[in-house]
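Residue-level structure breakdown
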Amino acid sequence: MEANSSRELEARNYLEKHRIMELLTSLASALLFFRPEKPREYLISILERLRTAKVSGMAFPFFMDNSNIAAMFQMLDSSNKGSISFIQYKEALKTLGLCTADEVLKDDGHGITCEKFMREVNKRTQEIWSAF
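I will try to describe carefully the structure that is included in this document. (Residues numbered from 1 in each chain as written. Predicted model: local features only at pLDDT ≥ 70, side-chain atom pairs only at ≥ 80, totals over all residues. Heavy atoms only, no water.)

Notes on the pattern of salt bridges
Opposite charge on two side chains lets them pair, provided their charged atoms get close. As enumerated under the stated definition, the model contains six salt bridges in all. Here Glu22 makes a salt bridge to Arg19, at a shortest N to O gap of 3.8 Å. For Glu22, a relative accessible area of 26% gives the class partly exposed. Residues Glu120 and Arg124 are paired through a salt bridge, measuring 2.8 Å at the closest nitrogen-oxygen approach. Taken together, the residues span about one helical turn, with Glu120 and Arg124 both in helix H6 (residues 114-131) at a distance of four residues. As far as burial versus exposure is concerned, Glu120 and Arg124 are alike and both buried. Overlapping salt bridges, with partners in common, bring together Glu120, Lys123 and Arg124 in one network. (Salt bridge = Lys/Arg side-chain N within 4 Å of Asp/Glu carboxyl O. Buried < 20%, exposed > 50% of the residue type's maximum accessible area, 1.4 Å probe, protein only. Helix = DSSP H or I, 4+ residues; strand = E, 2+ residues; numbered from the N terminus.)

The structure is reproduced here in structure tokens:
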């Protein structure tokens with residue numbers, strides 16, 4: 001029994017060290033967002049672009065641009081107040097794979113504007129892609 005938990009801990013540490021779960025979440029999100037005809041080839045192309053970006057310093061392959069992020073914000077801001085709640089913000093980040101369930105985010109008591117939402121999504125996406 002102890003050997004199994006040791007192996008599980010070793011596996012968990014490996015996945016965390018190399019951020020494999022974040023990579024898989026990002027790839028799955030991109031796959032579901034674009035729904036390409038040939039999913040295997042699409043995933044390979046993302047991984048190749050990721051490798052090229054890492055080596056050459058080029059831009060990382062984001063699957064959403066600012067217009068997509070703004071559209072998501074507008075769906076969350078159904079009453080057109082120009083801001084969303086902190087809870088909506090955190091749930092959106094979790095849905096996008098940009099925030100873990102146990103991550104502590106600071107709520108300053110103000111609503112989250114579209115500009116802040118876009119800035120945070122872009123920043124977190126950049127951090128995740130650059131870590132691979």
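Okay, back to it.
Section: the nonpolar core
Residues Ile84, Tyr89, Leu93, Leu98, Leu105, Phe117 and Val121 are the most contacted members of the largest nonpolar core, which totals 16 residues. Elements with a contribution of two residues or more to this core: helix H4 (66-76), helix H5 (86-95) and H6. Per element, the largest residue contribution to this core is four residues, and it comes from H5. If we ignore the near neighbours within four places in the chain, the residues touching Phe117 are Ile69, Met72, Phe73, Leu76, Ile84, Tyr89, Ala92 and Ile112. Leu23, Leu27, Ala30 and Tyr42 belong to the second largest nonpolar core, which has seven residues in total. (Core = buried A, V, L, I, M, F, W, Y, C linked by side-chain atoms within 4.5 Å. Contact = heavy atoms within 4.5 Å.)

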